[in-house]
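One-letter residues, chain by chain:
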Amino acid sequence: MDFALSADQLAIQDAARAFAEGQLAPHSAEWDEKRHFPVDVLRQAAALGFAGIYVQEDVGGTGLSRLDASIIFEALSYGDVSTAAYLTIHNMASWMIDRFGSDELRQRYLPRLTTMDLIASYCLTEPGAGSDAAHMRTTARLDGDQYVLNGGKAFISGGGVSDVYVVMARTGGDGAKGVSAFVVEKGTPGLSFGANERKMGWNSQPTAAVNFDDCRVPVANRIGEEGEGFRFAMMGLDGGRLNIASCSLGGAQLALDTAKAHLETRKQFGKPLKDFQALQFKLADMATELEAARLMVRRAAHALDNKDPQATKFCAMAKRFATDAGFQVANDALQLHGGYGYLQDYPLERIVRDLRVHQILEGANEIMRVIIAREMFRP
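Report follows, based on the coordinates. Here the residue numbers are simple positions, counted from 1 along each chain's written sequence. A pLDDT threshold of at least 70 governs which residues receive local features in this predicted model, and a stricter bar of 80 or more applies before side-chain atom pairs are shown or counted, although totals over entire chains, interfaces and linings include all residues. Excluded from the side-chain calculation are hydrogens and water; included are all heavy atoms of the structure.

1. Structural notes on the overall build of the protein
Now for step 1: Helix and strand counts for the protein come out as 11 helices and 10 strands.
Now for step 2: Computed over the C-alpha atoms, the radius of gyration of the protein is 21 Å, within 12% of the 21 Å expected from 2.2 N^0.38 for a compact globule of 379 residues.
Now for step 3: Seen through its C-alpha atoms, the protein measures out along the principal axes to roughly 80 × 50 × 40 Å.
Now for step 4: Each residue's exposure class comes from its accessible area (1.4 Å probe, protein chains only) as a fraction of the maximum for that residue type: buried when under 20%, exposed when over 50%, partly exposed otherwise. A total of 379 residues make up the protein; the buried ones form 55% of that total.
Now for step 5: For the protein, the proportion of contacts with a sequence separation of at least 24, taken over those separated by at least 6, is 73%. Only DSSP runs of H or I reaching four residues or more are called helices, and only runs of E reaching two or more are called strands; each is numbered from the N terminus. Radius of gyration here is computed from C-alpha atoms only, and the compact-globule reference equals 2.2 Å multiplied by the residue count raised to the power 0.38. What makes two residues a contact is simply this: any of their non-hydrogen atoms within 4.5 Å.

2. Topic: the pattern of salt bridges
Now for step 1: Should a side-chain nitrogen of Lys or Arg be within 4 Å of a carboxyl oxygen of Asp or Glu, the pair is scored as a salt bridge. Counted under the stated rule, the structure contains 21 salt bridges.
Now for step 2: Residue Arg374 pairs with Glu375 through a salt bridge whose shortest N-O separation is 3.2 Å.
Now for step 3: Assessed through its relative accessible area of 43%, Arg374 is described here as partly exposed.
Now for step 4: When its relative accessible area of 16% is taken as the criterion, Glu375 is described as buried.

3. What about the packing of helix α7 (residues 229-265) against helix α10 (residues 348-356)?
Now for step 1: Viewed as axis vectors pointing N to C, α7 and α10 meet at an angle of 160°, and their least axial separation amounts to 10 Å. Overall, the two elements α7 and α10 adopt an arrangement that is roughly antiparallel. As α7 packs across α10, the resulting crossing turns out to be left-handed. Where α7 approaches α10, its residues Cys247, Ser248, Gly251, Ala252, Leu254, Ala255 and Thr258 are matched on the opposing element by Leu348, Ile351 and Leu355.
Now for step 2: Residue classes follow a fixed rule: Ala, Val, Leu, Ile, Met, Phe, Trp, Tyr, Cys and Pro count as nonpolar, while Asp, Glu, Lys and Arg count as charged, and any other residue, Gly among them, counts as polar. A breakdown of the residues in the contact of α7 with α10 according to their chemical character gives seven nonpolar, three polar and no charged. Axis definition: a line fitted to C-alpha atoms, limited for helices to the stretch in contact. Angles are taken between N-to-C directions and run from 0 to 180 degrees. Here the word oblique covers every angle except those under 35 degrees (roughly parallel), over 145 (roughly antiparallel) and from 65 to 115 (roughly perpendicular). A clockwise turn of the near helix away from the far one marks a right-handed crossing, whereas an anticlockwise turn of less than a right angle marks a left-handed crossing.

4. Brief notes about the packing of helix α5 (residues 81-100) against α7
Now for step 1: Packing of α5 against α7 leaves a shortest axis separation of 9 Å and a crossing angle of 160°. Judged on the interaxial angle alone, α7 and α5 are roughly antiparallel. You can see that α5 and α7 cross each other, and the crossing is right-handed. Residue-level inspection shows Val81, Ala84, Ala85, Thr88, Met92, Trp95, Met96 and Phe100 of α5 in contact with α7, the latter providing Phe232, Ala233, Met235, Gly236, Leu237, Gly240, Asn243, Ile244, Cys247 and Gly251.
Now for step 2: Among the residues making up the contact of α5 with α7, the classes are represented as 13 nonpolar, five polar and no charged.

5. Considering the environment of Gly151
Now for step 1: Mapping Gly151 onto the fold places it in strand β3 (residues 146-157).
Now for step 2: For Gly151 and Pro218, which are 67 residues apart along the polypeptide, the C-alpha to C-alpha distance reads 17 Å.
Now for step 3: Residues in contact with Gly151, not counting those within four places in the same chain, are Thr138, Val210, Asn211 and Phe212.

6. A short note on the pairing of strand β2 (residues 139-143)
Now for step 1: Pairing geometry for β2 and β3, over five bridges, is antiparallel. The residue of β3 that forms the bridge with Arg141 is Val148.
Now for step 2: Pairing between strands requires that DSSP locate at least two bridges from one strand to the other. Hairpin connection from β2 to β3: two residues lie between these consecutive antiparallel strands, with Gly144 at a positive phi of about 70°.

7. Comments concerning the nonpolar core
Now for step 1: Think of a nonpolar core as a cluster: buried Ala, Val, Leu, Ile, Met, Phe, Trp, Tyr and Cys residues, connected wherever their side-chain atoms sit within 4.5 Å. Counting residues in hydrophobic clusters, the biggest one holds 101 residues, and the most contacted among them are Leu76, Ile97, Tyr122, Met168 and Ile223.
Now for step 2: Here this core gets 15 residues from one element, more than from any other, and that element is α7.
Now for step 3: Excluding anything up to four places from it in sequence, Ile97 contacts Leu105, Arg106, Leu110, Leu113, Val164, Val166, Val183 and Ile223.
Now for step 4: Within the second largest apolar cluster, 15 residues are counted, among which are Tyr165, Leu191, Val210 and Cys215.

8. Brief notes about helix α11 (residues 365-376)
Now for step 1: Taking 1.5 Å per residue, 12 residues should reach 16 Å; α11 reaches 17 Å between its end C-alpha atoms and fits that length.
Now for step 2: Restricting attention to buried positions, one finds in α11 the residues Asn365, Met368, Ile371, Ile372 and Glu375. On an axial view of α11, the arc spanned by its buried residues comes to 100°, and they lie on one face. Expected helix span is computed as 1.5 Å times (number of residues minus one). Directions from the helix axis toward the C-beta atoms define the arc.

9. Details of the side chain of Ser94
Now for step 1: Position of Ser94 relative to the elements: it lies in helix α5.
Now for step 2: Residue class for Ser94 comes out buried when judged on its relative accessible area of 0%.
Now for step 3: Apart from the residues lying within four places of it in its own chain, the contact partners of Ser94 are Ala51, Val55, Leu110 and Leu113.

10. A look at a nonpolar patch on the surface
Now for step 1: Together, Met1, Phe3 and Leu295 make up an exposed nonpolar region whose accessible area comes to about 430 Å².
Now for step 2: Within the fold, Leu295 resides in helix α8 (residues 277-305). A patch is a set of surface residues, each over 30% in relative accessible area and not in a salt bridge, joined within 9 Å for like charges and within 5 Å for the nonpolar side chains Val, Leu, Ile, Met, Phe, Trp and Tyr. All accessible-area figures derive from a Shrake-Rupley calculation using a 1.4 Å probe, and residue coverage is judged against the displayed protein chains alone.

11. A few points about the packing of aromatic side chains
Now for step 1: Any two rings among Phe, Tyr and Trp, with Trp reduced to its six-membered ring, count as a pair given centres within 6.5 Å; such a pair is stacked if its planes are under 30 degrees apart, edge-to-face if over 60, and tilted if neither. Under the criterion given, the structure shown has seven aromatic pairs.
Now for step 2: Measuring from ring centre to ring centre gives 3.9 Å for Phe100 and Phe232, while their planes differ by 10°; the resulting arrangement is stacked. Note that Phe100 is positioned in helix α5 and Phe232 in helix α7, a separation of 132 residues in sequence. An identical accessibility class is assigned to Phe100 and Phe232; each is buried.
Now for step 3: An aromatic cluster is present here, built from Trp95, Phe100 and Phe232 joined pairwise through their rings.
Now for step 4: Its guanidinium or amino end placed over the ring of Phe276, Lys271 lies 4.6 Å from that ring's centre, counting from NZ or CZ.
Now for step 5: Comment: the charge-over-ring label is applied if NZ (Lys) or CZ (Arg) is within 6 Å of the ring centre and within 35 degrees of the ring normal. Between Lys313 and the ring centre of Phe314, over which it is positioned, the NZ or CZ distance is 5.3 Å.

12. Concerning unusual backbone geometry
Now for step 1: Unusually for a residue other than glycine, Trp202 sits at a positive phi of about 50°.
Now for step 2: Within the secondary structure, Trp202 sits in the loop between β6 (191-193) and β7 (207-218).
Now for step 3: Phi angles above zero are rare outside glycine, and Asp214 is one such case at about 50°.
Now for step 4: Checked against the element boundaries, Asp214 lands in strand β7.

These figures come from the coordinates and say nothing about function on their own.
Below, the structure is given as structure tokens:
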């Protein structure tokens, strides 16, 4: 069991860290304040291979592992959590097309998705089907060589801005086996969007409802066969959970490093804060929780890469633990700054706001517990 990163992984990590330091961190506060979606910077990230990390190379992907992806997203999130998190969603949607789509579909979309000439969104959640995603109401009715989509999706990152939407819709009966997956292009008649949501965090990416009103999509745009869409979506979420957990690691590491520097320079009662044992213990606990979370995420990534039959359980465990730990570390770092932590002049309040949603999306952490328990009792 070797916990050291390989030479290639260290090089990948260095490249992601350099990009985060040079292109993300200097603009993070401004993007958050102005709610700016930095598409130009995302395309620069794509030029480094970060938009198709585990997409196959024949369509422009980088062909790396899930562990490599975790290393990249942790490093990018140290520069800006929100923007790095959007890249995870784009990667997940692109991977679904690559892994399950026809070769024609792959060749039609992925060369432009891996450069981010096209931007992708993942559309599963609905107003009445969040944690209970299998009971979605959006339908896709076959009509000749087209499907007619009706319904709506909620909380879609990139909604209204993305060019390509990977959409799960009901083609059959109730439950998971009646769901299929489709690629829907922006500009398709019947496709419309709600207003950009006003959110607590993740402000460098737009979020909006996606609506379908007799929206006609070619049969050729179906991903895989009818009835396979929910299984594809869940497989996508195994990796998505690792990616968002990795973003929690990066944001929490920045919060921890910021708190350590503050304790070294801030003085109270005639001595630096770092000389108070109570604060030393707090920082030690934060560092320990973060390291434990990192190990869990990388263990789960290894399981997913190696098709371990327990990979879904490990991914749920890692997502639950790392997103809870990451938020707590960031919140504790804010507390260690006192009133300064509450100011926008410091990054802590933004990190706390951005990390909070990680405990909700890609499956709420309560659902992670459901998955873990289900897998534990599986015969």
